[in-house]
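What the coordinates show
In case you want the letters, here they are:
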Amino acid sequence: ETKMKQLVAEGNVEELQKCFGLRMEFGTAGLRAAMGAGISHMNDLTIIQTTQGFCRYLEKNFSDLKKRGVVIGFDARAHLSSGGSSKRYFLGIKYFADVLHDLLCQGVPVYLFSDITPTPFVPYTVTHLKLCAGIMVTASHNPKQDNGYKVYWENGAQIISPHDKGISQAIEENQEPWPQAWDDKLIDSSVLLHDPYATVNKEYFKDIQKQCFHRNINKETNLKFVHTSVHGVGHKFVQLAFEAFDLRPPFAVPEQKDPDPEFPTVKYPNPEEGKGVLTLSFALAEKDGAKIVLANDPDADRLAVAEKQESGEWKVFSGNELGALLGWWIFTCWKNQNRDACAIKDVYMLSSTVSSKILRAIALKEGFHFEETLTGFKWMGNRAKQLMDQGKAVLFAFEEAIGYMCCPAVLDKDGVSAAVITAEMASFLATRNMSLSQQLKAVYDEYGLHITKASYFICHDPKVIQQLFDNLRNYDGENTYPKSCGRFKVSGIRDLTTGYDSSQPDQKAILPTSKSSQMITFTFANGGVATMRTSGTEPKIKYYSELCAPPGNSDVEQLKKELDELVNALEKHFFQPEKNNLQRKTE
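Residues numbered from 1 in each chain as written. Predicted model: local features only at pLDDT ≥ 70, side-chain atom pairs only at ≥ 80, totals over all residues. Heavy atoms only, no water.

Where an unreviewed UniProt entry is consulted, the protein chain appears under the name Phosphoglucomutase 2, with the organism given as Anas zonorhyncha. You can read under Sequence similarities (unreviewed entry) in the UniProt record for the protein chain the words "Belongs to the phosphohexose mutase family." The UniProt entry for the protein chain carries the following text under Cofactor (unreviewed entry): "Mg(2+)". (UniProt positions renumbered as here; feature names shortened; annotations may be inferred.)

Dropping the structure here:
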């Protein structure tokens, strides 16, 4: 309030515009924005308004809401035990008090975690306690000034359309804080408030043990691991997961193991950034003789893995490479448990359209089902639940942005279970004198090499972006897509903005389409696949490319060269960066 008065007094229109120009958009990913004043930012009022709208929407959808209730979790951005400055207080319990008042004063039972938890604990609790919904307050791996509000539906998956529109509309209709919204006493005295922390901590680790297949090897392995939680919540939970699998606890990076919302040792708290975020982990691993580094993002729903090579170099696995390894591992474990040849007909694995097609190659050879979904775990989680409700077994789902769903108890990406399952896989491979890198090569030898390359261009002008994609849809005259890209012949096109798919008998795409975002996938005659898409949250046009070779073609260098040439052609002919004044990604 003081800040606002100051800005008004100064006549600082630009800053006021930033704060009040546009209300945060509530989408399928919920809310994510910088913390601060005004309707464009995360603050007490916008959280109250969001929760009021959400609460009304739940009442409309669930006649038994007051019996079942909702769960609320939060990561370390929103709960600081130290200090009492206004910023810290604002980020602290008060934030949650606001969220709770709105639900409690409507007579809804709320399961509020009494302490910080990983994001996956919220979808787990929704499923485990059969609740109507879940809210997680986190901005995941975003910069420190941001916070977010992520929503799960009763099926334990992130919300998808039409719920986003419905909630958004309900927020618009409930903007004035309800009379009880600022009443602090409500929380202290409420019988509707439950703390699921102890139960969930016990049950979650019991459930993930169903994915532990080599307890004896785990007990005896000499392999050492380093783990970093990058100043987030992961430390305690990964330690407990290792204990649940009978593995010796990993060495924790001391400077990064405790939650700190300032993220002091990293530029961005995102392990996807690779080596920069892992510098301290490598140093600790060298000191303690550990070969493998496991890194979670601050809310512990993602996992990065690095391994020391014989050359002494560290290899950081890409999301696609770890997806290949975990897919191979989880299927191998399943096969060892299921000798019945018929069972495989009901087995599924999923990955998103922009992720590697390696699971498709494994599925083709092994006989299980592979399905592609739209980008993001909201789609994979919802599809997995549909399949599970039909009696199918969904063993694994992944996306290239280092997200893995290795355990059916959580229908979202989970960096805690992924970390411990990776550790068991590495321990098992060590008994065969195999490293993760060697096993990855073996997977590619058996199912065909899959080489990927992804990047993006920055473009701040929506008109230019629109024009670029329109050009691709009217390439050689109206309503014609490119037949080639440089020397590479195009063999198939799927446009998920318009719903066109050249490979379907009726030319209609099977996957859901969205007119509000751009996304075209080109398949090439040489086994190449390239997807161009806009980002929902940043001014970027991203591309993801992959060359899928049949088994037996093991000339990696030749394939890399071919993919580089394909990417160069894609940039030159389809992006036309000079003509469209696009900025390249800077390393």
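A few words now on the environment of Asn580. Mapped onto the fold, Asn580 is located in helix α21 (residues 577–580). For Asn580, a relative accessible area of 12% translates into the label buried. Sequence separation of Asn580 and Val305 is 275 residues, and the distance between their C-alpha atoms is 37 Å. Setting aside its immediate chain neighbours within four residues, Asn580 contacts Val464, Leu468 and Phe575. (Helix = DSSP H or I, 4+ residues; strand = E, 2+ residues; numbered from the N terminus. Buried < 20%, exposed > 50% of the residue type's maximum accessible area, 1.4 Å probe, protein only. Contact = heavy atoms within 4.5 Å.)

A separate point is the sheet that holds strand β2 (residues 70–74). Judged by pairing direction, the sheet is mixed, and its 6 strands sit side by side in the order β1-β5-β4-β2-β3-β6 without closing on themselves. Pairing within the sheet leaves two strands with one partner each, and these edge strands are β1 (31–34) and β6 (193–194). Here β1 pairs with strand β5 (residues 146–152) via 4 bridges, running antiparallel. Considered in β5, the bridge of Ala34 is made with Asp146. Packing against the sheet, helix α3 (residues 44–61) makes contact with β1, β2, β4 (133–137) and β5, and its axis sits at approximately 5 degrees to β5. (Pairing = 2+ DSSP bridges. Axes fitted to C-alpha atoms, helices over the stretch in contact; angles between N-to-C directions.)

Glancing now at the packing of aromatic side chains. Inspection of the entire model under this criterion finds 22 aromatic pairs. On the numbers, 5.1 Å between centres and 40 degrees between planes, the contact of Phe62 with Trp153 is tilted. Linking Phe62 in the loop between α3 and α4 (65–68) with Trp153 in the loop between β5 and α8 (163–173), this pair joins segments that are 91 residues apart in sequence. Take Phe62: its relative accessible area is 7%, and that puts it in the buried class. Looking at Trp153, the relative accessible area reads 9%, which means it is buried. Seen from their ring centres, Phe457 and Phe575 are 4.8 Å apart, and the 40 degrees between their planes marks the pair as tilted. (Phe/Tyr/Trp six-rings, centres within 6.5 Å; stacked < 30°, edge-to-face > 60°.)

Next up on the list: α3. In a regular helix each residue adds 1.5 Å, so 18 residues correspond to 26 Å; α3 covers 26 Å between its end C-alpha atoms and thus fits that length. Extensive coverage of α3 is indicated by the burial of 13 of its 18 residues. (Expected span 1.5 Å × (residues − 1).)

Here we come to unusual backbone geometry. Residue Pro162 is reached from Ser161 by a cis peptide bond, and omega for that bond is 5 degrees. As for its placement among the helices and strands, Pro162 is situated in the loop between β5 and α8. Of note, the phi angle at Ile402 is positive, near 45 degrees, even though the residue is not glycine. Within the secondary structure layout, Ile402 lies in the loop between β14 (393–399) and β15 (403–405). Taking relative accessible area as the criterion, Ile402 reaches 4% and is therefore assigned buried. Residues other than glycine seldom take positive phi values, yet Asn581 does so here, at roughly 55 degrees.

A few words now on the packing of helix α10 (residues 197–208) against helix α12 (residues 234–244). It is at 9 Å that the axes of α10 and α12 come closest, and there the two elements cross at 45 degrees. One way to sum up the angle between α10 and α12 is to call them oblique. Crossing angle aside, the handedness with which α10 passes α12 is right-handed. Contact residues: Tyr197, Asn201, Phe205 and Ile208 in α10; Lys236, Phe237, Leu240, Ala241 and Ala244 in α12. Taken together, the residues of the contact of α10 with α12 sort by class into 7 nonpolar, 1 polar and 1 charged. (Parallel < 35°, antiparallel > 145°, perpendicular 65-115°, else oblique. Left-handed = near helix turned anticlockwise from the far one by under 90°. Nonpolar A, V, L, I, M, F, W, Y, C, P; charged D, E, K, R; others polar.)

Time to look at the pairing of strand β13 (residues 369–373). With 4 of its 5 residues buried, β13 lies for the most part within the structure. In terms of strand pairing, strand β12 (residues 347–352) meets β13 through 5 bridges, oriented parallel. Residue pairing for β13: Leu350 is matched across the bridge by Glu371. The parallel pair β12 and β13 is bridged by helix α15 (residues 358–366), and the resulting crossover is right-handed. (Right-handed = clockwise from strand over helix to strand, strands pointing away.)

Our focus in this paragraph is the pattern of salt bridges. Two side chains bearing opposite charge may form a pair once their charged atoms approach each other closely. A complete count under the given rule lists 31 salt bridges for this structure. Note that Lys287 and Asp288 form a salt bridge whose closest N and O atoms lie 3.8 Å from each other. Between Asp470 and Arg473 there is a salt bridge; the shortest N-O distance is 3.8 Å. Of this pair, Asp470 and Arg473 both sit in helix α19 (residues 462–473), 3 residues apart, roughly one helical turn. Its relative accessible area of 32% is what places Asp470 among the partly exposed residues. Through salt bridges that share partners, Arg487, Lys561, Glu562 and Glu565 make up one connected network. (Salt bridge = Lys/Arg side-chain N within 4 Å of Asp/Glu carboxyl O.)

On to the UniProt feature "domain: Alpha-D-phosphohexomutase alpha/beta/alpha" (unreviewed entry) in the protein chain. Taken from the UniProt record, the annotation "domain: Alpha-D-phosphohexomutase alpha/beta/alpha" (unreviewed entry) applies to residues 24–176, 202–308 and 340–447. Along residues 202–308 the backbone is 36% helical and 16% strand, and the end-to-end C-alpha distance reaches 34 Å. Each end of residues 340–447 is marked by a C-alpha atom, and these two atoms are 23 Å apart; helix forms 47% of the span and strand 19%.

Grouped together as the largest cluster of nonpolar side chains are 158 residues, with contacts concentrated most on Phe396, Tyr404 and Met532. In contact with Met532, other than residues within four places in its own chain, are Leu468, Phe469, Leu472, Gln518, Met519, Ile520, Phe522, Lys542, Tyr543, Leu570, Phe574 and Phe575. The next biggest cluster of nonpolar side chains, apart from the first, holds 10 residues, and it includes Tyr348, Phe377, Ala384 and Ala397. (Core = buried A, V, L, I, M, F, W, Y, C linked by side-chain atoms within 4.5 Å.)

The next subject is the sheet that holds strand β7 (residues 225–228). Pairing is mixed across the open sheet formed by 5 strands, whose spatial order is β8-β7-β9-β10-β11. The two strands at the open ends of the sheet, each matched to only one other strand, are β8 (251–252) and β11 (314–316). Sheet topology places strand β9 (residues 292–296) next to strand β10 (residues 303–308); 5 bridges connect them, and they run antiparallel. Bridge pairing in β10 links Val293 to Ala306.

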